[in-house]
Amino acid sequence: MRKLLSGVKSGKKVKVVDFIVPPHHGVPQYIIRLQEMGILRGDIMTIERNGEFGPVEVEIKGTHLAIGRGIASKIVVEEIDNG
Amino acid sequence: MDKKFDLTFALAGNANVGKSVIFNQLTGGNQIIGNWPGKTVEIEEGFLETAAYKIRVVDLPGIYSLSTYSEEEVVTREFIMKEKPDVVIVVVDASALYRNLFFLLQILEMEVPVVVALNQYDLLEKDGFEIDIKKLEDLLGVPVIKTIATKNVGLLELFNRAVLVGKDRIMPKPILYGKEIEDRVERLMQKIPTLNISISKRFIAIKLLEADEEIEKLVNDKSIIAFAHKLGEELEALHGETIQTILIRERYAQSLQISQEVLKRKKGLAKDLSKDIDDVLLHPVFGFFFLILILLFMFFVVFKLGSFLSDYIGSLFDLLKTPFMSLHIGEKLKIFLWDGVIEGVVAAFGIVLPYIAPFYLLLSFLEDSGYLARIAFLTDTFMHKLGVHGKAFIPLIESFGCNVPAIMGTRVLERRRDRIIVSILATLVPCSARSVIVFGLVATFLGPQYAILIYALDFVFIFLVGLLLNRYLKGTGAGLIMEMPKYRAPVLGVILKQTGVRLKEFFTFATPIIVVANTLMEGLIILNLLPYLEVIVKPFAWILGLPTLATLTLIFGALRKELTLIMLATFYRTMNFSSILTAKQIFVYGFVTMVYIPCVASIAMLKREFGSRVAILVTIFEFVLAMLLGGILHLICEVIL
C-alpha cells in the first residue's frame, strides 16, 4: 500500500516509490539532496523513528538520516510485508 | 636535487568521518573538530614539517556530494580544480563504507592524485566487520590506509603514502560507469577542446552531461553544451529519470558493488546502543525534558564556575594595578592606558573568558558525543515556525556563550536567508556578558524571579522576531536532511583542542575590537564629550523612563554589554543600584540591555558574514524594536502596575 513517508509507523520497512514534485518548477533541490544522501526510487529503508511530530529517522545504506516532516511528506513509499 | 618538497595535501570527505581530527593530528591543531554534520565550513590550513618536507595541509568542508547545491560543495570543487593540491586525502568512514564511497567516486572522477584514509576502523570492527584493504586498493586503483585518527593509528603511514603519491603525481584510473553512460562521456570528451584549464576532460564531460551550470560556464561553448544536453536527454529517455538522478544511481550502484566485495563479516553484529539511548533522548516527552535538563545543567555549571574564575582573575589584575599606577609616566596617560587599554584586556580575560571557556568545553563535549544532532532533531518542528530547520538551534545555544562565534556558527545552514534569520535571533540571545548584567542587577536587587521573567520575555521576543523575519524575508527555508551520527564517547584531548580553537577564534576576532572600543570610550571621557552625548540620549531616556545618566551607559554597552553595569557604577559612584534606580527602572533597564543592539564585535561579525548593508539594517532594526518595547514596558510598569 502506498503511503507518504511521514505516515509510516516506526519499525516498518518501506520501498521508495516516488517523490512528489511541484509541477513546472523542475526538480527541487531537496529531492536531489535526498538522492545524493542515498534515497533513490526502488531503495529499501527502515523507519527507525516516526512520532506524532518532529523529523522522521530512517536507516538507509548503513547510516541513519533525519528527514524533516515537510520533506518526508513528499516521499511516496510502499510498505513491505513482514517489516 | 632539492631536498625540500612543498606539497599540498587537501583533506576531503563527508561530515562525521573524523576529517578534522586527522587535520589536527597532522598539523597540531588549528581547526574545530565536529561531530556536527557540516561543521567544517571554512577552509582551514595548517603546516607540517618533517626533516625532508614542508607540507601544507588544507581541510575542506565536510560534504556528501560534489554538485553545486551548497557553498561548501562549490568551495571544495573549486579548490581542487584551481589550487590543484598534490594529493587529495579522501577520509572515509569505514563503518559507513557504502555511503562514503559515493563521495569518493566523485573525487576520483576529477582524476587528481588520491589517497584514501579508511578512518574510524575501530567502529567498523566493533560492528563485527573487516575490510579487505588489498582488494579495495585494486578496485579503486588508489592507496588505502587503515586509520583510527582519535588514537593516532595509521596516520604516519597515511602521511608517507600521500608524500609518495604527491611527489610522483600518481593519478587514479577512472572508475567506469554503465556502458550507455560511458559511450556518451567518450563522445563528449572528443568534442571538448583542450581548454587552458587543466581539469580532467572526463570530469568535465560527466558534469556537462549532468547539466552542471558552473562547468557549462567554464566551457562556454554553446554547441558543446547543446550536444551534452542532447546526450543527457537520450539517457533520460532510456532510464525514465532525470540525468542527475541517473548519475547518482550509477555512483551508488558502483559503491554498493565495491563495498559488498570488500566487506567481510567477522563475527556477529555487536549491538549499538545509540537506538536505545535515542528511545529516551528523542522521546516526544522525555526527550524535551532531558534537553531542558541538560541545557540548564550546562548553564548552571558555566555560571558557577564562571563567577568563581572571574573573581579570581579580576583580583589577579587588581594586584597589577598598584605597581602600574606607581610607574613614572604622565598621570593622564597612565589612567588612559589602564582604563582604556588594560581594562579592555581584563574584560576579555576576566569577564568573558571565565564564562565562555567552560561553556565551549561543555558544548564541545555535547558536539563530540553526537548529542547536538539530537537537539536539531528535537527542535526541528519548532524551528520550522521560524522558517528554519532544527540545525539552526545549535548556533542559538552557542549564543549563550558569545554571539560572535554563533553568527559564524550559522554556516551549518544551507541558505543565506536562513543564516540571516538565525544570526539576528542569535544577537538577541543573552550572551554570558548580558547574563552577568541580569544576574548582577535584576537578580540581585529585584530577586531571581524577575531575572527569570526577563529571560522569559527575551525568549518570547526572540520567537516573535523570528516569526516576523520568516514572514517578511523573501523565500522559504530549507527542510532538514541530516545524518544522525552514532553516539560516541568524546575524547578529552580532542575536546580540549576544539575548545582551544574556539577560544582562539574569539580572541583573535573579538579582543582587538573590545580593546579599541574601550580606548575610544576612555577618549570620550578624557575629552569631556559626555555632556554632548547626554543631549543625544535624552529622548531615549524619556521613552524608557530612565535617568539620563543611566541611559548614557547604554552607549557604552554597545561596545561591550557588561560595560553598562560597570559604567553605571562609575557614573553614580555606587554599586547599590537600588539607590539610583527604582525597581521598575531596574526591570526596564535590564530588559533593554538584553536586546537593544548587537555589540560592536557582533556587528563586525555580521558585516564580515553578510556585508555592511545587513549589519547596519540589523543594528537599526534591533535598536528601534528595543526602544519601542522598552517604552511599552515602561508604560506598563508606570501606568498599569
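This is a predicted model, so every value here is computed, not measured.

### Notes on the overall build of chain B
Secondary structure summary: chain B contains 27 helices and 9 strands in total. Radius of gyration (C-alpha) of chain B: 28 Å, near the 26 Å computed for a compact globule of 641 residues. Along the first, second and third principal axes, the C-alpha atoms of chain B reach 85 × 55 × 55 Å. As displayed, chain B has an accessible area near 27100 Å², and 65% of this comes from carbon and sulfur atoms. Within chain B, the 65 negative side-chain charges are centred at a point lying 1 Å from the centre of the 65 positive side-chain charges.

### Details of the domain arrangement of chain B
It is common to give the size of an interface as the accessible area lost on bringing the parts into contact. Domain annotation for chain B reports domain 1 (7–168), domain 2 (179–265) and domain 3 (286–640). Distance between the C-alpha centres of domain 2 of chain B and domain 3 of chain B: 50 Å.

### Some thoughts on the side chain of D418 of chain B
All names here are of chain B. Within the secondary structure, D418 sits in helix α18 (residues 416–428). The buried category is assigned to D418, whose relative accessible area is 0%. Engagement of the side chain of D418 in a polar contact is seen with the backbone nitrogen of A478, the distance being 3.2 Å. When neighbours within four sequence positions are excluded, D418 is seen to be in contact with G387, V388, L413, T476, G477 and A478.

### Some thoughts on the pattern of salt bridges
Residues and elements named next belong to chain B. The tally for this structure, following the rule as stated, stands at 38 salt bridges over all chains. Close ionic contact of K82 with E78 constitutes a salt bridge, the shortest N to O distance being 4.0 Å. Within this pair, K82 and its partner E78 are both found in helix α2 (residues 71–83), separated by 4 residues, close to a single helical turn. The partner of E609 in a salt bridge is R608, with the nearest N and O atoms 3.6 Å apart. Overall, E609 belongs to the buried group, its relative accessible area being 13%.

### Quick notes on the interface of chain A and chain B
At the junction of the two partners, chain A supplies 28 residues and chain B supplies 32 residues. Here chain A and chain B share an interface that buries about 2900 Å² over both sides, 60% of which is from carbon and sulfur atoms. The largest contributions to the chain A side of the interface with chain B come from E36, R49 and K61 of chain A, which together make up 22% of the buried area. Along the contact surface separating chain A from chain B lie 4 salt bridges. R49 of chain A is the salt-bridge partner of D279 of chain B, the closest N and O atoms lying 3.1 Å from each other. Scanning the region where chain A abuts chain B turns up 17 residue pairs in polar contact (both at pLDDT 80 or more). Among the secondary structure elements, those contributing two or more residues to the side of chain A that touches chain B are α1 (29–36), β3 (44–49), β4 (56–60), β5 (63–67) and α2 (69–72) of chain A. The dominant element in the side of chain A that touches chain B, judged by the number of residues it contributes, is α1 of chain A, at 7 residues. In terms of strand pairing, β5 of chain A meets strand β9 (residues 481–483) of chain B through 3 bridges, oriented antiparallel. Within β9 of chain B, the position partnered with L65 of chain A by the bridge is E483 of chain B.

### Focus: the sheet that holds strand β1 (residues 2–4) of chain A
Across the sheet, which stays open at both edges, the 7 strands sit in the order β1(A)-β6(A)-β2(A)-β3(A)-β4(A)-β5(A)-β9(B) with antiparallel pairing between neighbours. At either margin of the open sheet sits one strand with a lone partner, and together these are β1 of chain A together with β9 of chain B. Strand-to-strand twist across the sheet, computed as the mean angle between neighbouring axes with direction ignored, equals 40°. Where strand β2 (residues 13–19) of chain A and β3 of chain A come together, 3 bridges link them in antiparallel fashion. Of the residues in β3 of chain A, the one forming a bridge with K13 of chain A is T46 of chain A. Sheet strands touched by helix α15 (residues 371–384) of chain B: β3, β4 and β5 of chain A together with β9 of chain B. Its angle to β9 of chain B, the strand with the most contacts, is close to 155°.

### Section: the packing of aromatic side chains
All names here are of chain B. Throughout the structure, instances matching the rule amount to 20 aromatic pairs over all chains. Put simply, the rings of F299, F303, Y355, F359, Y360, F400, F439, Y455 and F459 touch in pairs and so form one group of aromatic residues. Geometry around F47 places K54 over its ring, the cationic atom sitting 5.2 Å from the centre. A cation over an aromatic ring shows up here: K191 above the ring of F227, its NZ or CZ 4.7 Å from the ring centre.

### So, the nonpolar core
One finds F359, Y371, I375, L425, V442 and V465 of chain B to be the most contacted residues of the largest nonpolar core, which totals 105 residues. Per-element accounting of this core gives the leading share, 9 residues, to helix α14 (residues 331–369) of chain B.

### What about unusual backbone geometry?
A negative phi angle is the norm for most residues apart from glycine, just as the trans form is the norm for most peptide bonds. Residue and element names in this part refer to chain B. The backbone phi angle of E111 is positive, close to 50°, even though this residue is not glycine. Taking relative accessible area as the criterion, E111 reaches 24% and is therefore assigned partly exposed. Even without being glycine, N528 reaches a positive phi, approximately 60°.

What counts as what
Residues numbered from 1 in each chain as written. Chains lettered and ligands numbered in written order. Predicted model: local features only at pLDDT ≥ 70, side-chain atom pairs only at ≥ 80, totals over all residues. Heavy atoms only, no water. Helix = DSSP H or I, 4+ residues; strand = E, 2+ residues; numbered from the N terminus. Rg over C-alpha atoms; globule rule 2.2 N^0.38 Å. Areas by Shrake-Rupley, 256 points an atom, 1.4 Å probe, with all protein chains shown as cover. Lys, Arg positive; Asp, Glu negative; His and termini not counted. Charge placed at Lys NZ, Arg CZ, Asp CG, Glu CD. Domains from an automatic or database assignment. Buried < 20%, exposed > 50% of the residue type's maximum accessible area, 1.4 Å probe, protein only. Polar contact = N/O pair within 3.5 Å; in protein donor to acceptor, adjacent residues only side chain to side chain. Contact = heavy atoms within 4.5 Å. Salt bridge = Lys/Arg side-chain N within 4 Å of Asp/Glu carboxyl O. Buried area = accessible area lost by both parts, 1.4 Å probe. Pairing = 2+ DSSP bridges. Axes fitted to C-alpha atoms, helices over the stretch in contact; angles between N-to-C directions. Phe/Tyr/Trp six-rings, centres within 6.5 Å; stacked < 30°, edge-to-face > 60°. Lys NZ or Arg CZ within 6 Å of the ring centre and 35° of its normal. Core = buried A, V, L, I, M, F, W, Y, C linked by side-chain atoms within 4.5 Å.

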